[in-house]
Number of protein chains: 2
Amino acid sequence: MSTDLARPDLAGAQADYDALVAQGMKLDLTRGKPSAAQLDLSSAILGLPGERYKADDGTDTRNYQGLQGLKELREIFAPSLQVPVDQLIAFGNSSLELMHDTLVHALLSPLPGAERRWVDEERVVFLAPTPGYDRHFAVCDRLGIELLAVPMTPDGPDMDVVERLVAEDPSIKGIWCVPKYANPDGVVYSDETTRRLAAMPTAAPDFRIMWDNAYAVHHLTEDAIEVADVLALADAAGNADRPFVFGSTSKITLAGAGVAFLGASPANVKWWLALTGKRTIGPDKVNHLRHALFFGDAAGVAAHMARHRELIAPKFAVLEKILTENFADTPGVSWSSPKGGYFVTLTVPEGTATEIVRLAREAGIALTPAGATHPGGEDPQDAIIRLAPTFPPLEEVEKAMTGVAVCVKLALAQQA
Amino acid sequence: MSTDLARPDLAGAQADYDALVAQGMKLDLTRGKPSAAQLDLSSAILGLPGERYKADDGTDTRNYQGLQGLKELREIFAPSLQVPVDQLIAFGNSSLELMHDTLVHALLSPLPGAERRWVDEERVVFLAPTPGYDRHFAVCDRLGIELLAVPMTPDGPDMDVVERLVAEDPSIKGIWCVPKYANPDGVVYSDETTRRLAAMPTAAPDFRIMWDNAYAVHHLTEDAIEVADVLALADAAGNADRPFVFGSTSKITLAGAGVAFLGASPANVKWWLALTGKRTIGPDKVNHLRHALFFGDAAGVAAHMARHRELIAPKFAVLEKILTENFADTPGVSWSSPKGGYFVTLTVPEGTATEIVRLAREAGIALTPAGATHPGGEDPQDAIIRLAPTFPPLEEVEKAMTGVAVCVKLALAQQA
């Protein structure tokens, strides 16, 4: 027996881990995907619109045109996205592509208020509240937009840092925000954070907030939290063109076949539609109609989301239970207890996250790579692991999380 | 009575026109849109996929992923688009957006074979066989890509001109092609034209053919014309990465809710998917499944297109009849008699096209603006009018075209 294994906690942890590996699991906690049972909640949508194809205003949804998207669907989602109906665009099946394309438009055509196209700037930098969403960061990487990490607090990005940076540096053109139940840490932006984001002076005249309200109605508790209205606050502060608001039904109806939304000031909407009108004749309005018929109204969305909650809240509860049982008294181990959204952030002692993910992988449990929550895929503390419990069935979540706890304990024992 | 009106033909033409105006028509021959009766052919698709949501390979089409699109749908369209299944991508509802986005990718990331991103080139020029499709030209205008008109012949672009230009000038990065039943003149590229396009030496190492096979299966006669296989010819000539092939079901199923396709060499496909993978998690696979179930196989597409033909061939026939009756012996007036596609090109004596469109508009008949078929919206001869007969019911097409004939006669009499 080696010296290391002679330490009782390491020997025990290793034995537990070996037993875990011996189980030959094949489980996955990597991505924020809805489960089959969640998708089944929207089964009816697969047969819609059926006989009907006319919109309320008589539009034949089957034909070309209608660049802004079907009005009755925009009316249903305007309240939860906090965007006036006329300033809301309903588009394709992906909000990520709306974000990407908005940045492409800004690279190739001056934004309202801009002095030039972003491709003609020496540098374009976006602030990345960290930990954050890896796909946001990847869009910037792909488009040659630099990322500058800013710390998250329990109230959203550290606004003292953000305000100082944007006031000084005109190359900072934007910030990524997931204001509600943030990916990955579940943080909800305080009203004060939102107010400061909307009102802060920026050196760039064309600074934009990418307000990805991905979990607007994705509550895990009775406490249906609302964030402040960023469009209204920006308008009141004389910065009407600052926010672009995004949302989608990907985690409401069908993840691959939902509808994405973009909301902004009238000037931004006009700019976006003019450029997008060169790209396409219009979005899939039949899918818009399908969704409008399925929900009926905003209350229909809320009722539908309550059924999602019934399916996924127990999965978050089992994570909480296993983490509490195993690590309530472990120094350096903590986790988020989100009131909505799709993720739990597990914080482990510095330098152990990569090892934990490796141990889990070798035991057949796929976790999001450590660092994915950070720009460039590099977490300098190597301490953050993102857990996504929605996709597997409850019993698999429990098994996988029990396994993760074993991996965490082994990594901690190795480090001790 | 004025001297002009004293000329018998002018007086008669003016009287006929006054009578036309008095009818207070409101008819539209502007855009290549399918009619409601054509859309009704695909009514069944509105209730699909119904209970089913799994693809042949077990993929849950409702969830995320599947960037290349559903294989069973790609298999159905691979033959008519002349693209190997593995090199075919099924995507969103618009081929125009695939073309736009491909150029955006080329602007922001080097194409296979390119020395640099196109935004880093001093100029990027595309050849525009003219007359051509206004939305192709608008994409270039929007992206800062210059257009250089090249003449069309009955066999496609004038290849002597094209070959000379692309051999000399490295800033010429591409050419727009609608190889079959071209918009607007119905021309079908000869095999020799396609071979020369695929094989010609180009000064630019990253020259691309934008092969918009929009009317691949849109035959108006028994003669189901096939063009040469541009991907195979380019590969054989050592220029595998030259063509990007596009197509869609917009004028097969639902104009606003169909599926668009992109085909290219393995290297181009890999490049395109890698960049697009940063933009979206994947296209709407439920809509892919809907289409695959609706058609069943490639023969299903052909059978479906025969029903379209029954609806629209009579509309083209009535245009032909009215034009022949009125202008068979009129010098300077000629028209295309396309064997497929969506358009008829009417050629009128130099300097009269704008006036004819104006006269028609004032008589309540909307025609595509003269010049729309030319880069920059400027037809130096002012002689080309694009007619689109598919959308209105047959009796309206007949009325509208009878009216257009009156307008042509008045413009000719005025010019005489």
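Throughout, residues of each chain are indexed from 1 in the direction in which the sequence is written. Naming scheme: in the order in which they are written, chains are lettered from A and ligands are numbered from 1. This being a predicted model, a pLDDT of at least 70 is required before a residue's local features are given, and a value of 80 or more before pairs of side-chain atoms are given or counted; all residues contribute to the totals for chains, interfaces and linings. No hydrogens and no water enter the side-chain calculation; it runs on all heavy atoms of the structure.

### What to know about the overall build of chain A
So, step 1. Segments assigned H or I by DSSP are reported as helices when at least four residues long, segments assigned E as strands when at least two residues long, and all are numbered from the N terminus. A count of helical and extended segments in chain A gives 14 helices and 13 strands.
So, step 2. In terms of C-alpha radius of gyration, chain A reaches 23 Å, essentially the compact-globule figure of 22 Å for 416 residues.
So, step 3. In terms of its C-alpha atoms, chain A occupies a principal-axis envelope of roughly 75 × 55 × 35 Å.
So, step 4. Burial classification: accessible surface area is computed with a 1.4 Å probe over protein chains only, and a residue below 20% of its type maximum counts as buried, one above 50% as exposed, and the rest as partly exposed. Scored against the burial criterion, the 416 residues of chain A give a buried share of 61%.
So, step 5. In these tables, accessible area is a Shrake-Rupley quantity obtained with a 1.4 Å probe, and a residue counts as shielded only by the protein chains included in the view. Summed over all atoms, the accessible surface of chain A reaches about 14900 Å², with 52% contributed by carbon and sulfur.
So, step 6. One finds the centroid of the 37 positive side-chain charges in chain A at a distance of 6 Å from the centroid of its 54 negative side-chain charges. We compute the radius of gyration from the C-alpha atoms alone; for a globule the expected value is 2.2 Å times N to the 0.38, where N is the number of residues. Residues scored as charged are limited to Lys and Arg (positive) and Asp and Glu (negative), so that His and the chain ends carry no count. Charge placement uses NZ in Lys and CZ in Arg. For Asp and Glu, CG and CD serve respectively.

### Examining the environment of A:Thr61
All names here are of chain A.
So, step 1. Mapping Thr61 onto the fold places it in the loop between α3 (36-40) and α4 (71-81).
So, step 2. On a C-alpha basis, the gap between Thr61 and Leu319 in space is 44 Å, while along the polypeptide they are 258 residues apart.
So, step 3. For Thr61, the residues in contact, after removing those within four places along its chain, are Tyr53, Ala55, Leu70, Lys285, Val286 and Leu289.
So, step 4. In the analysis that follows, any N or O atom pair within 3.5 Å is treated as a polar contact, provided that within protein one partner can donate a hydrogen and the other can accept it, and provided that, for residues neighboring in sequence, both atoms belong to side chains. A polar contact of 2.7 Å, which involves the side chain of Thr61, links it to the backbone oxygen of Tyr53. Contacts: residue pairs with any heavy atoms within 4.5 Å of one another.

### Some remarks on the pairing of strand β9 (residues 260-263) of chain A
All names here are of chain A.
So, step 1. Side chains Ala260 and Leu262 project from β9 onto one buried face, and the interleaved Phe261 and Gly263 project onto a second face that is buried too.
So, step 2. Two elements, strand β2 (residues 88-90) and β9, share 3 bridges in a ladder whose sense is antiparallel. Bridged to Leu88 within β9 is Gly263.
So, step 3. Whether two strands pair depends on DSSP finding at least two bridges between them. Sheet topology places strand β8 (residues 243-248) next to β9; 4 bridges connect them, and they run antiparallel. Of the residues in β9, the one forming a bridge with Phe246 is Leu262.

### A word on the packing of aromatic side chains
Residue and element names in this part refer to chain A.
So, step 1. A pair of Phe, Tyr and Trp rings is counted when the ring centres sit within 6.5 Å of each other, with Trp represented by its six-membered ring. The angle between the planes then sorts it: under 30 degrees is stacked, over 60 is edge-to-face, the rest tilted. Enumeration according to the criterion identifies 20 aromatic pairs over all chains in this entry.
So, step 2. Consider the rings of Phe77 and Phe295, whose centres lie 5.6 Å apart with planes at 80°: the pair is edge-to-face. One end of the pair, Phe77, is in helix α4; the other, Phe295, is in helix α11 (residues 285-295), with 218 residues separating them in the sequence.
So, step 3. Classification of Phe77 as buried rests on a relative accessible area of 3%.
So, step 4. Ring geometry for Phe91 against Trp272: centres 5.3 Å apart, planes inclined by 90°, an arrangement best described as edge-to-face. Pair noted here: Phe91 is in the loop between β2 and α5 (95-108) and Trp272 is in helix α10 (residues 266-276), with a separation of 181 residues, a long-range link. The same class applies to Phe91 and to Trp272, which are both buried.
So, step 5. Among the aromatic side chains, those forming a connected cluster through ring pairs are Phe77, Phe261, Phe294 and Phe295.
So, step 6. Ring-over charges, as used throughout, are those where CZ of Arg or NZ of Lys falls within 6 Å of the ring centre and within 35 degrees of the ring normal. Over the ring of Tyr53 we find Arg62, and its NZ or CZ is 3.5 Å from the ring centre.

### Structural notes on the domain arrangement of chain A
Residue and element names in this part refer to chain A.
So, step 1. Partitioning chain A into domains gives domain 1 (10-30 + 302-415) and domain 2 (55-296).
So, step 2. How far each domain reaches was decided by an automatic or database domain assignment. Once you take the C-alpha centre of each, domain 1 and domain 2 turn out to be 30 Å apart.
So, step 3. For the pair domain 1 and domain 2, the summed buried area comes to about 2200 Å², and 64% of that belongs to carbon and sulfur atoms.
So, step 4. Take a side-chain nitrogen of Lys or Arg and a carboxyl oxygen of Asp or Glu: if they are within 4 Å of each other, that pair is a salt bridge. Across the domain 1-domain 2 interface, the total number found is 2 salt bridges.
So, step 5. With its nearest N and O atoms 3.1 Å apart, the salt bridge here joins Arg309 to Glu222.
So, step 6. Counting every contact that joins domain 1 to domain 2 gives 11 residue pairs in polar contact (both at pLDDT 80 or more).
So, step 7. When residues of the side of domain 1 that touches domain 2 are traced back to their parent elements, those giving at least two are α12 (298-327), β11 (344-347) and β13 (384-387).
So, step 8. The biggest single contributor to the side of domain 1 that touches domain 2 is α12, with 7 residues.
So, step 9. Here the residues of the side of domain 1 that touches domain 2 sort into 11 nonpolar, 8 polar and 3 charged. Two parts lose some accessible area (1.4 Å probe) when they are put together, and adding that loss for both gives the buried area. Under the scheme applied, nonpolar residues are Ala, Val, Leu, Ile, Met, Phe, Trp, Tyr, Cys and Pro; charged residues are Asp, Glu, Lys and Arg; polar residues are all the others, including Gly.

### Concerning the interface of chain B and chain A
So, step 1. Listed as interface residues are 56 residues of chain B and, on the opposing side, 56 residues of chain A.
So, step 2. Summed over both partners, the interface of chain B with chain A buries about 4500 Å², with 52% contributed by carbon and sulfur atoms.
So, step 3. Between the two partners, chain B and chain A, sit 6 salt bridges.
So, step 4. A:Asp40 is the partner of B:Arg62 in a salt bridge, and the nearest nitrogen-oxygen pair spans 2.7 Å.
So, step 5. Taken together, the links from chain B to chain A amount to 26 residue pairs in polar contact (both at pLDDT 80 or more).
So, step 6. Those elements giving two or more residues to the side of chain B that touches chain A turn out to be α3 (36-40), α5 (95-108), α6 (134-143) and α11 (285-295) of chain B.
So, step 7. Ranked by residue count, the leading element in the side of chain B that touches chain A is α5(B), at 8 residues.
So, step 8. Residue classes in the side of chain B that touches chain A are distributed as 24 nonpolar, 17 polar and 15 charged.

### Some details on the sheet that holds strand β7 (residues 208-212) of chain A
Residues and elements named next belong to chain A.
So, step 1. In space, the 8 strands of this open sheet follow the order β2-β9-β8-β7-β6-β3-β4-β5, with mixed pairing throughout. Sheet topology places β2 and β5 (156-157) at the edges, where each strand pairs with a single neighbour.
So, step 2. Across 6 bridges, strand β3 (residues 125-130) lies against strand β4 (residues 146-153) in parallel orientation. Its bridge partner being in β4, Pro129 is matched across the sheet by Val150.
So, step 3. Lying over the sheet, helix α6 (residues 134-143) contacts β3, β4, β6 (172-177) and β7, oriented at roughly 160° with respect to β3.
So, step 4. Axis lines are fitted through C-alpha atoms, for helices just across the contact stretch, and the angle between N-to-C directions can take any value from 0 to 180 degrees. Sitting on the sheet, helix α7 (residues 159-168) touches β3, β4, β5 and β6, and the angle it makes with β4 is about 150°.

### Examining the environment of B:Thr280
So, step 1. In this structure, B:Thr280 sits in the loop between α10 (266-276) and α11.
So, step 2. Spatially, the C-alpha atom of B:Thr280 lies 9.7 Å from that of B:Tyr64, the residues being 216 residues apart in sequence.
So, step 3. B:Thr280 has contacts with A:Ser94, A:Leu96, A:Glu97, B:Leu67 and B:Phe91, leaving out every residue within four places of it along the chain.
So, step 4. Within the structure, B:Thr280 has its side chain in polar contact with the side chain of A:Ser94 (distance 3.5 Å).

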